Amino acid sequence: MKKFVTLALSFLFIFTLVGCTKKEEAKKEEATDTRNQSYYNTYTGLYDTNIANLTSYDMYKDAHTAEKTYKGTEYPGNKEYLANVKEAYKDSKEKIQAFVDGLKKDTTAQDKDIKKMNEELITEGENLIQDIDNKMAKLDKITDADYDKSEKDFIKLVEDTVSSDDSSSRKFNDILKKMDKKLGIDRETIQENNNHKTTK
């Protein structure tokens, strides 16, 4: 009888331990999910406020795009065009900096892949900011004499002045896409939904 009672108590103790362990694991998973959700909220908030509004930067990425931007509208003149390009770069730099600073402050991500990509986004974001600084410095070298060029020649001059391999921009965008995929974000669907709302 004693053996039976001892055995029964042993099983009860084991099951209690297993039960506690499973509860602790469930709590840890729940805490991890909550913190990953918190990161998701931070990331999407920073993206929507900053990265989603980088359209002005894209307008001047090359001469062809810039010419299309002014097609059907009055060209502001070479001096004003250069000022617009500089302002677009400045605005883009500030938004990317705000995005990077926000990612630096967030420490909620628990998933190792998310943490790794977050660090990569910060690194490549800072590289892109440096690249924009370099381009802005090059634009300052355009002289008053260059304003006498034709519209087409001046736009081409600006493109050639800031021309680079744009590897920092590509790397930054690639990691953004990977992070979106990891977090289950479909930008195309979001854009379609937004377009649908604006046409209602």
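In case you missed it, the structure is sitting above this.
Being a predicted model, the structure only gives us computed values, none of them experimental.

Enquirer: I would appreciate a short explanation of the packing of aromatic side chains in the present structure.
Expert: Per the counting criterion, the structure on display carries nine aromatic pairs. For the ring pair tyrosine 39 and tyrosine 43, a centre distance of 6.2 Å and an interplane angle of 20° mean the geometry is stacked. Here tyrosine 39 and its partner tyrosine 43 are both found in helix α1 (residues 2-49), four residues apart, which amounts to about one turn of the helix. Arranged with centres 6.1 Å apart and planes meeting at 90°, the rings of phenylalanine 99 and phenylalanine 172 form a pair that is edge-to-face. Separated by 73 residues along the polypeptide, phenylalanine 99 in helix α4 (residues 78-105) and phenylalanine 172 in helix α7 (residues 167-183) bring together distant segments of the chain. The class for phenylalanine 99 is buried, based on a relative accessible area of 0%. For phenylalanine 172, a relative accessible area of 2% gives the class buried. Through a chain of ring-to-ring contacts, three or more aromatic side chains come together here, namely Tyr39, Tyr43, Tyr47, Phe99 and Phe172. Seen from the ring of tyrosine 47, arginine 187 lies directly overhead, with NZ or CZ sitting 3.4 Å from the centre.

Enquirer: Any chance you could explain the pattern of salt bridges here in plain terms?
Expert: Close approach of charged atoms lets side chains of opposite charge pair. Per the counting criterion, the structure on display carries 12 salt bridges. The residue arginine 187 makes a salt bridge to aspartate 48 at a minimum N-O spacing of 3.8 Å. Of the two residues, arginine 187 is situated in helix α8 (residues 187-198) and aspartate 48 in helix α1; the sequence distance between them amounts to 139 residues. When the shortest N-O distance is used, the salt bridge between aspartate 113 and lysine 182 registers 3.6 Å. Linking aspartate 113 in helix α5 (residues 112-139) with lysine 182 in helix α7, this pair joins segments that are 69 residues apart in sequence. Looking at aspartate 113, the relative accessible area reads 36%, which means it is partly exposed. Among the residues examined, lysine 182 registers a relative accessible area of 37% and is labelled partly exposed. Overlapping salt bridges, with partners in common, bring together Asp48, Asp180 and Arg187 in one network.

Enquirer: Quick question: what am I supposed to make of the environment of lysine 105 here?
Expert: As for its position among the elements, lysine 105 is in helix α4. As for lysine 105 and threonine 42, which are separated by 63 residues in sequence, their C-alpha atoms are 9.8 Å apart.

Enquirer: Quick question: what am I supposed to make of the nonpolar core here?
Expert: Nonpolar side chains tend toward joint burial in soluble globular proteins. In this structure, Tyr43, Tyr81, Ile96, Phe99 and Leu121 are the most contacted members of the largest nonpolar core, which totals 41 residues. Those elements giving two or more residues to this core turn out to be α1, α3 (63-69), α4, α5, α6 (151-162) and α7. With nine residues, the top contributor of residues to this core is α4. In contact with leucine 121, not counting residues within four places along its chain, are Tyr43, Phe99, Val100, Leu103, Phe172, Ile175, Leu176 and Met179.

Enquirer: Looking at this structure, I do not really get the side chain of aspartate 180. What am I missing?
Expert: Mapping aspartate 180 onto the fold places it in helix α7. A distance of 2.8 Å separates polar atoms of two side chains, one belonging to aspartate 180 and the other to tyrosine 43. Filtering out sequence-adjacent residues up to four positions away, aspartate 180 remains in contact with Tyr43, Ile185 and Arg187.

Enquirer: Even after reading the chapter, I still don't get the packing of α5 against α6, so can you show me in this structure?
Expert: Pairs of packed helices are described in terms of their axes, by the angle between the two and the distance that separates them. Running from amino to carboxyl end, α5 crosses α6 at an angle of 135°, the nearest separation of the two axes being 9 Å. With respect to their mutual orientation, α5 and α6 come out oblique. The element α5 and its partner α6 pack so that their crossing is right-handed. For the pair α5 and α6, the contacting residues are Lys135, Lys138 and Leu139 in the first and Val158, Thr161 and Val162 in the second. A per-class count over the contact of α5 with α6 returns three nonpolar, one polar and two charged.

Enquirer: Even after reading the chapter, I still don't get α5, so can you show me in this structure?
Expert: In an α-helix there are 3.6 residues to a turn, and that puts residues three or four apart on one side. Here α5 spans 41 Å end to end across 28 residues, near enough to the 40 Å set by a 1.5 Å rise per residue. For α5, the side-chain oxygen to backbone nitrogen distance between the N-cap and aspartate 113 is 2.9 Å, and the N-cap itself is aspartate 111.

Enquirer: Any chance you could explain α6 here in plain terms?
Expert: Counted at 1.5 Å a residue, the expected span for α6 with its 12 residues is 16 Å, and the 17 Å between its end C-alpha atoms agrees. By the burial criterion, the buried members of α6 are Phe154, Ile155, Val158, Thr161 and Val162. Viewed along the axis of α6, the buried residues span an arc of 125°, placing them on a single side of the element.

Conventions used here
Residues numbered from 1 in each chain as written. Predicted model: local features only at pLDDT ≥ 70, side-chain atom pairs only at ≥ 80, totals over all residues. Heavy atoms only, no water. Phe/Tyr/Trp six-rings, centres within 6.5 Å; stacked < 30°, edge-to-face > 60°. Helix = DSSP H or I, 4+ residues; strand = E, 2+ residues; numbered from the N terminus. Buried < 20%, exposed > 50% of the residue type's maximum accessible area, 1.4 Å probe, protein only. Lys NZ or Arg CZ within 6 Å of the ring centre and 35° of its normal. Salt bridge = Lys/Arg side-chain N within 4 Å of Asp/Glu carboxyl O. Core = buried A, V, L, I, M, F, W, Y, C linked by side-chain atoms within 4.5 Å. Contact = heavy atoms within 4.5 Å. Polar contact = N/O pair within 3.5 Å; in protein donor to acceptor, adjacent residues only side chain to side chain. Axes fitted to C-alpha atoms, helices over the stretch in contact; angles between N-to-C directions. Parallel < 35°, antiparallel > 145°, perpendicular 65-115°, else oblique. Left-handed = near helix turned anticlockwise from the far one by under 90°. Nonpolar A, V, L, I, M, F, W, Y, C, P; charged D, E, K, R; others polar. Expected span 1.5 Å × (residues − 1). Arc of directions from axis to C-beta.

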